[in-house]
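Now for the letters of each chain:
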2 protein chains.
Amino acid sequence: MTDTGKREVTRSDVAKHARVSTAVVSYVVNNGPRPVAKATRERVLASMETLGYRPNAAARALRLQRATAVGLVVPDVSNTYFGALAQAVSNRAFDAGYALLLGDSDNDIDREAAQIDSLVGRQVDGLIVVSLDPSTTMAVGRTPTVYLDRRAAADQAVILPDNYGGAQMAVEHLLQHGRKRIGHLAGPEGGPGADERLKGWEDTVRSAGQTEALSFVERAEFTRNGGYEAGRRLLKNPDRAPDALFVSSDVQALGLLRAAREANVRVPEDLAVISFDGTEDAAYSDPPLSAIEQPIEEIAAAALAAVLADPFIPVHERVGVSLVTRASCGCHSYA
Amino acid sequence: MTDTGKREVTRSDVAKHARVSTAVVSYVVNNGPRPVAKATRERVLASMETLGYRPNAAARALRLQRATAVGLVVPDVSNTYFGALAQAVSNRAFDAGYALLLGDSDNDIDREAAQIDSLVGRQVDGLIVVSLDPSTTMAVGRTPTVYLDRRAAADQAVILPDNYGGAQMAVEHLLQHGRKRIGHLAGPEGGPGADERLKGWEDTVRSAGQTEALSFVERAEFTRNGGYEAGRRLLKNPDRAPDALFVSSDVQALGLLRAAREANVRVPEDLAVISFDGTEDAAYSDPPLSAIEQPIEEIAAAALAAVLADPFIPVHERVGVSLVTRASCGCHSYA
DNA sequence: CTGTTAGCGCTTTCAA
DNA sequence: TTGAAAGCGCTAACAG
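Residues numbered from 1 in each chain as written. Chains lettered and ligands numbered in written order. Predicted model: local features only at pLDDT ≥ 70, side-chain atom pairs only at ≥ 80, totals over all residues. Heavy atoms only, no water.

The two copies are related by a screw operation: chain A maps onto chain B through 180° of rotation and 0.1 Å of translation along the axis, at an RMSD of 0.1 Å. A rotation of that kind, with that shift, is consistent with a two-fold axis. When the interface residues of chain A are mapped onto chain B, 100% of them again lie at the interface, so the same face is used by both copies. (Least-squares fit on C-alpha atoms with pLDDT ≥ 70 in both. Contact = heavy atoms within 4.5 Å.)

Residue and element names in this part refer to chain A. Relative to the assigned elements, Asn-163 resides in helix H7 (residues 163-176). The class for Asn-163 is buried, based on a relative accessible area of 1%. When sequence neighbours within four positions are dropped, the list of residues in contact with Asn-163 reads Gly-193, Glu-196, Arg-197, Phe-276 and Arg-318. (Helix = DSSP H or I, 4+ residues; strand = E, 2+ residues; numbered from the N terminus. Buried < 20%, exposed > 50% of the residue type's maximum accessible area, 1.4 Å probe, protein only.)

Residues and elements named next belong to chain A. With 14 residues, H7 extends 20 Å between its outermost C-alpha atoms, agreeing within 8% with the 20 Å of an ideal straight helix rising 1.5 Å per residue. Taken together, the buried positions of H7 are occupied by Asn-163, Gly-165, Gly-166, Ala-167, Ala-170, Val-171, His-173 and Leu-174. Immediately beyond the C-terminal end of H7, within one or two residues, lies Gly-178, with a positive phi of roughly 80°. (Expected span 1.5 Å × (residues − 1).)

Glancing now at the sheet that holds strand S12 (residues 322-324) of chain B. All names here are of chain B. Strand order in the open sheet made by the six strands is S7-S6-S8-S9-S10-S12, with mixed pairing throughout. For this open sheet the edge positions go to strand S7 (217-219) and S12, each flanked by a neighbour on one side alone. Each strand axis lies, on average, 20° off the axis of its neighbour in the sheet, ignoring direction. With three bridges connecting them, strand S10 (residues 290-293) and S12 associate as antiparallel partners. By the bridge assignment for S12, Glu-293 is matched with Ser-322. (Pairing = 2+ DSSP bridges. Axes fitted to C-alpha atoms, helices over the stretch in contact; angles between N-to-C directions.)

Turning next to the pattern of salt bridges. Between side chains of opposite charge, pairing is possible as soon as their charged atoms come close. Summed over all chains, the structure comprises 30 salt bridges over all chains. Measuring nitrogen to oxygen at the nearest pair gives 2.8 Å for the salt bridge that ties Arg206(B) to Glu202(B). In this pair, Arg206(B) and Glu202(B) are both assigned in helix H8 (residues 194-207), four residues apart and thus about one turn of the helix distant. By relative accessible area, Arg206(B) is classed as partly exposed at 43%. The exposure class of Glu202(B) is partly exposed, given its relative accessible area of 26%. For Arg258(B), the salt bridge is made with Glu262(B), and the minimal N-O distance between the two is 3.8 Å. Linking Arg258(B) with Glu262(B), this pair stays in helix H10 (residues 250-262), spanning four residues, or about one helical turn. We classify Glu262(B) as partly exposed; its relative accessible area is 36%. If you follow the salt bridges from partner to partner, you end up with Arg150(A), Glu196(A) and Arg318(A) in one network. (Salt bridge = Lys/Arg side-chain N within 4 Å of Asp/Glu carboxyl O.)

Shown next, in the form of structure tokens:
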């Protein structure tokens, strides 16, 4: 509380005030590695309180060679999915005593590289990255890093949702609804999860014998506007349009829904829709979106655990996804 | 690129390799404060490259007493508005050479205090906080801090949108549409912007003589579900319901829209709606939301500038907001 | 149980 | 134009 004066109060001020050595202050602050007599500890605690002592994280980081912080790099925090991911990571990291350094790559591959470089230089103890282009190998040096996209190298850690299985699940569900022309609004080539979802859709549609449907595919950025534009292209020709769509993200689906409204295409009557992600965006759209839901908390927990594990083990993990049905696929009527 | 071996490579490795002193390496890295002969500089640069040198940010922070990082604390990054704010701050900070430490307070006042404390201890050069409860005074010590909510103390820096004016604008616009019972879906008491927006609505409605409308007010959290629940309460009684609503955030409006759909209340025909924030959420809802738009980029820029100004000057700034009309107020038809 | 002290990697003053 | 060296605040090995 007390907080006046020129310099920040350091551990030696506290030591002087409590009439102990700086080592003891350190032992008290860190609860170890040596025990401290109860009376002494209390005196130190009291001094810390009166002086308004706050440990200097930079000094600690320098000494320990670790910042007690983790870095997270995402393409776009304002995307609800990445926002929710950032929130989950931030909260878990904080509870574990780590700070979160956030890097937004702004959907730019060079920026992504620069962000990673900056975070590594800041001695983060771990790095979680949703990369725009997995084929690029960033220099992360010795920093334990886990990717939440598709990586190639065997020594890289990866945690991924079951993109392929989720796509399959979505398409199969649409088939059960009797849809005959199931198209796909895909993510950008190489984009996180995009290609696996595309493959899952393609294989499933193909093995259902819907070869005609294979032409109903459009790529778009993971944005509302991307989904809107792609949706317009997909629905342009009323005589030759899909009767169902698997959309590779919630935000894109929001855009598609707008395109459908403008084109007087009714969802789900004329066009059944299932998206991927299953964030709150899906639950509150009109109609509410059936979606393949990613277990964000689980992903965040696994990523953090992997990256902070000692010794670091390059995990290669798949997390399950689930289909949550709402109105957009035709399962539930609403309003 | 080269990056093998036990220890990270330090400036003295580079110095040895380039056969110069560590001081010179420092001058090269920082472009000063002393000049370096061209030949020498190039030799150093080459050594840095071959050794894969990366400056240690912790050491630098310790020496300089500043981390070259800024902290941002928000109640909930997964809220599109805060997500967009985080993105804007992150990108601007990065461009200025600063890292962003993100703290999500998870709508919890104690957590907020803990996050602030942690960031201050990490020697951030500045702190931007969207506080849940402005009446609490956090110990930010000497760290330049700017609040994006309503603060009391004169020596605290504040940057705010024109909440009152925006509310007034929204209500006046609804009045122009001939609405007679303009209610308000408000934010939580003390919540960022909430009370000023409420006041702006109240005063404007009152001076329009709509005393009956003053009872159409419900408070809710800044979440979709909060807006949904409050919307249900507001629309519960068809015989005595508002014919227009000023909603204190986009996310709440998304919830309200769902409540309206479920209650068969048509927007804008039966209920005209204008929300506050004007994020992408507003543009892609059904119907698209007319909204009082906050200039997020401007706020981010001003906050960063204030906090990194030297010497720190406790700014007290209002930024203007603007009404963007879409379908929900009745201005534009769509689909 | 507690004190002394070296040293983490960096910047910058002072000297050459 | 370059080198030597002090010291930022902290931890932990070592000595008592």
